[in-house]
Amino acid sequence: MSSQQQQQPAAPRGLPGFLRRTLRTSSADEQDRNNVLDYSPSSAPKSPAVIDLDSIDNANNKSQIIESVGDDDDDRVNSSSSSSSSSRSKSDSHIEGMKQKKDTNNNSSSLTLTITPGGSKRHLRAVAFPPLPYEQELGGSDDVDAEIQPVTKSKSLNNIASTKNMSLSTPKLQQTTTAPPPPPPPAPPKSYKETQFEAMLNNSTIIPLRDLRKLAWNGIPPHHRSKIWKILLSYLPANTSRHQSTLLRKRNEYKDAIMQHYDIPDDSRTNSEQETLRQVLVDVPRTAPEVPLFHNDRIRRCLSRLLYIWAMRHPASSYVQGINDLATPLISVFISGYFPNWDVEEEVLSGEVMLDVTDVILEEVEADTYWCLTNLLAGIQDHYTSDQPGMQRMVMRLEDLVNRIDADLARHLRETGIEFMQFAFKWMNCLLLREFRLQRVMRLWDTYLSEGDGGFEDFHVYVCASFLVHFSAELQQMGFDELFQFMQNMPTDDWTDREIEILLSSAFVLSTLFGGSEAHLNVVRN
């Protein structure tokens, strides 16, 4: 080797070719010189010869710099010089140390390798300096994905070392990911009936009442029942654009009625008013005892208030026992209207819904119930006036109808001494509310409301006749005591909507045969 070649510093032959080419470049960014990453082995030889490698930012395949070459012959790196005639020089190198300094401006860094000749093998070992604490490194970000920053041109090899050899410095932070929630179950397909109701309620500003009655006769879907009952009871107009203004006006009127009749000192009430209030407060706790919803104190306060106000505003009939039962289907349906996805029997009637019923919702339900009950009783008000002439008229019609359609049963009742007034009066007074479960009554009332003004009087008589004849075979085998007890507690607990619909169909047949005909009333009794 010539003396001229000896004076010229030669690049270490123990490094890969791409690194030797990098050493010839000296245009490193001044900004990258601030952060220094020193690679130092666990046992470094003494008197190192330091070679500055600051200009390696733009080198290709930077990740190869931090690959550990190892301690055996397989770790040897052979590189040939540009002069093929010169002998290949071998030098063993160990990585002296590694330091990482944080740049205050752009977090860039430069790399200085301390290469020490000595030994018989060439070693290139990378030991990463422990990184900054996680929160300081990420600037306090809560995003776990910011733990590993993407490598760009402005970042030097210390970023690559900290990402690729994270296991050499500190354990990699575990990314805590939560499994996505399971998708909600698909909604059940809508029935043809539901599609028809939605089309009628949503596709037109004016709801055709005649078509609505025909559709509702066969039953109303529970989530549409609240709105349709209000329309069929003439509480809401057929024009849907006036619904909100009507509700607001009616509810404000009811608030004024509370201030006028209920929220007053007791000493300002007359003796008649005090007696009416006392009767209401006695009957309300006994209302629907088998339904947990009406055990709730908030519901009982609302029911007491609306019944008393109705009695004060209708002095001709005032309050009569049995009116309290007529309010129970209305309250149940109107509450369920605010929770269309809840099961009526399992969640509403069980009282569980009251945990989510706010005071505002309850005030609206109370006002709506008051006005709908008022409209319902307007068609049968003579049932609750003095001597209750309407009730007696319905019982007489029932007796005459049974004599015509089932003479054997009518004869057996007379022979055993059972009078229709003894069991049928309750059927007329409470509209079969004490004979069926409340959810079955809701289905019954769908048809009653669809019948128009005569639903709770005329059609109800045919329903009672069909109901009595349904048990004809059993009743004709009973004596007085057994028969009387059976009439007071009809076995309908296991009835479903299917049995109710069969009953309604039978009643419709009877109404078609005898409705509007005076002949069936002129029955000659044996």
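What counts, and where the lines are drawn
Residues numbered from 1 in each chain as written. Predicted model: local features only at pLDDT ≥ 70, side-chain atom pairs only at ≥ 80, totals over all residues. Heavy atoms only, no water. Helix = DSSP H or I, 4+ residues; strand = E, 2+ residues; numbered from the N terminus. Contact = heavy atoms within 4.5 Å. Areas by Shrake-Rupley, 256 points an atom, 1.4 Å probe, with all protein chains shown as cover. Salt bridge = Lys/Arg side-chain N within 4 Å of Asp/Glu carboxyl O. Buried < 20%, exposed > 50% of the residue type's maximum accessible area, 1.4 Å probe, protein only. Expected span 1.5 Å × (residues − 1). Axes fitted to C-alpha atoms, helices over the stretch in contact; angles between N-to-C directions. Parallel < 35°, antiparallel > 145°, perpendicular 65-115°, else oblique. Left-handed = near helix turned anticlockwise from the far one by under 90°. Phe/Tyr/Trp six-rings, centres within 6.5 Å; stacked < 30°, edge-to-face > 60°. Lys NZ or Arg CZ within 6 Å of the ring centre and 35° of its normal. pLDDT = per-residue confidence, 0-100. Patch = residues over 30% accessible without salt bridge, like charges linked within 9 Å, V, L, I, M, F, W, Y side chains within 5 Å. Nonpolar A, V, L, I, M, F, W, Y, C, P; charged D, E, K, R; others polar. Core = buried A, V, L, I, M, F, W, Y, C linked by side-chain atoms within 4.5 Å. Arc of directions from axis to C-beta.

### Considerations on the overall build of the chain
Argument step 1. Of regular secondary structure, the chain possesses 22 helices and 3 strands.
Argument step 2. Look at the contacts in the chain between residues 6 or more apart in sequence, and 77% of them connect residues 24 or more apart.
Argument step 3. For the chain, the exposed surface amounts to about 28,000 Å²; the carbon and sulfur share of it is 49%.

### Re the pattern of salt bridges
Argument step 1. Using the criterion set out here, one finds 19 salt bridges in the structure.
Argument step 2. Residue Glu457 is joined to Arg393 by a salt bridge in which the shortest nitrogen-to-oxygen separation is 2.5 Å. Note that Glu457 is positioned in the loop between helix H18 (438-450) and helix H19 (458-470) and Arg393 in helix H15 (residues 389-405), a separation of 64 residues in sequence.
Argument step 3. You can call Arg393 partly exposed: its relative accessible area is 34%.
Argument step 4. The structure contains a network of salt bridges with shared partners spanning Lys230, Arg251, Glu364 and Asp368.

### With respect to helix H14 (residues 359-378)
Argument step 1. Taking 1.5 Å per residue as the helical rise, H14 with its 20 residues ought to reach 28 Å, and the 29 Å between its terminal C-alpha atoms agrees with that figure.
Argument step 2. Among the 20 residues that make up H14, 14 are buried, leaving the element largely enclosed by the rest of the structure.

### As for the packing of helix H17 (residues 420-429) against H19
Argument step 1. Where H17 contacts H19, the two axes come as close as 11 Å, and the packing angle between them is 130°. Viewed along their axes, H17 and H19 adopt a mutual orientation that is oblique. When the axes of H17 and H19 are compared, the crossing they make is right-handed. Here Phe420, Phe423, Trp427 and Met428 of H17 come into contact with H19, specifically with His460, Cys464, Phe467 and Leu468.

### Notes on the packing of aromatic side chains
Argument step 1. All told, the structure shown has 20 aromatic pairs when counted by the stated rule.
Argument step 2. Consider the rings of Phe423 and Trp427, whose centres lie 5.3 Å apart with planes at 65°: the pair is edge-to-face. Of this pair, Phe423 and Trp427 both sit in helix H17, 4 residues apart, which is roughly one turn of that helix.
Argument step 3. Judged by its relative accessible area of 2%, Phe423 falls in the buried class.
Argument step 4. Classification of Trp427 by relative accessible area gives buried; the value is 0%.
Argument step 5. A centroid spacing of 5.6 Å and a plane angle of 75° characterise the contact between Phe471 and Phe486, whose relative ring orientation is edge-to-face. On the criterion of sequence distance, the pair formed by Phe471 in the loop between H19 and helix H20 (472-475) and Phe486 in helix H21 (residues 480-488) is long-range, its members being 15 residues apart.
Argument step 6. In textbook terms, an aromatic cluster arises when at least three aromatic residues are bridged by ring pairs, as seen for Phe420, Phe423, Trp427, Phe436, Phe467, Phe471, Phe486 and Trp495.
Argument step 7. Over the aromatic face of Tyr262 sits the side chain of Arg269, whose NZ or CZ is 6.0 Å from the ring centroid.

### As for the confidence of the model for the chain
Argument step 1. Chain-level pLDDT for the chain is 76 on average; 63% of the residues reach the 70-or-more range.
Argument step 2. Here residues 1-8 scores under 50 on pLDDT; set against residues more than four positions off or in separate chains, the count is 1 contact.
Argument step 3. When the criterion is pLDDT under 50, residues 26-31 qualifies, and its contacts beyond four places in sequence or with other chains add up to 10 contacts.

### Regarding a nonpolar patch on the surface
Argument step 1. Where nonpolar side chains cluster on the molecular surface, the patch consists of Phe508, Val509 and Leu513 and spans about 300 Å² of accessible area.
Argument step 2. Topologically, Val509 is positioned in helix H22 (residues 497-514).
Argument step 3. By relative accessible area, which is 44% here, Val509 ends up partly exposed.

### Some thoughts on the environment of Arg498
Argument step 1. You can see Arg498 is positioned in helix H22.
Argument step 2. With 55 residues separating them along the chain, Arg498 and Arg443 place their C-alpha atoms 9.9 Å apart.

### Comments concerning unusual backbone geometry
Where the residue is not glycine, phi is negative for most of them; where a peptide bond is considered, it is trans in most cases.
Argument step 1. With a phi angle near 55°, Ser318 is a residue other than glycine that sits in the positive phi range.
Argument step 2. Inspection of the secondary structure puts Ser318 in the loop between helix H11 (297-313) and helix H12 (323-336).
Argument step 3. Residue Ser318 is classed as buried on the basis of its relative accessible area, which comes to 19%.

### Here we look at the packing of helix H6 (residues 192-202) against helix H7 (residues 209-217)
Argument step 1. At a closest axis distance of 11 Å, the pairing of H6 and H7 adopts a crossing angle of 160°. Between H6 and H7, the angle is such that the two are roughly antiparallel. Two packed elements cross with a definite hand, and for H6 against H7 that hand is left-handed. Packed against H6, whose contacting residues are Gln196, Phe197 and Met200, the element H7 presents Asp211, Leu212, Leu215 and Ala216 at the interface.
Argument step 2. Tallied by class, the residues present in the contact of H6 with H7 amount to 5 nonpolar, 1 polar and 1 charged.

### Re the nonpolar core
Generally speaking, a soluble globular protein has its nonpolar side chains buried in company with each other.
Argument step 1. Ranked by internal contacts, the top residues of the largest apolar core, which has 116 residues, are Leu398, Trp445 and Leu468.
Argument step 2. Beyond its immediate stretch of four places on either side in the chain, Leu398 contacts Phe420, Ala424, Trp427, Met428, Val461, Cys464 and Ala465.

### Topic: the side chain of His314
Argument step 1. Mapped onto the fold, His314 is located in the loop between H11 and H12.
Argument step 2. Beyond its immediate stretch of four places on either side in the chain, His314 contacts Tyr370, Thr374 and Gln381.

### Concerning H22
Given 3.6 residues per turn, any residue in an α-helix points the same way as the ones three and four places further on.
Argument step 1. If you check H22, its first and last C-alpha atoms are 25 Å apart, about what 18 residues at 1.5 Å a residue would give, namely 26 Å.
Argument step 2. Three or more residues of H22 are buried, namely Ile500, Leu503, Leu504, Ala507, Leu510, Ser511 and Phe514. The buried side chains of H22 occupy one side of the element, clustering within an arc of 120° when seen end-on. More than 90 degrees from the buried face of H22, the exposed residues found are Arg498, Ile502, Thr512 and Leu513.
Argument step 3. Phi turns positive, to about 75°, at Gly516, one or two residues after H22.

### Section: the side chain of His261
Argument step 1. With respect to the helices and strands, the residue His261 is situated in helix H9 (residues 243-262).
Argument step 2. Excluding residues that lie within four positions of it along the chain, His261 makes contacts with Arg269, Tyr308, Ile309, Met312 and Arg313.

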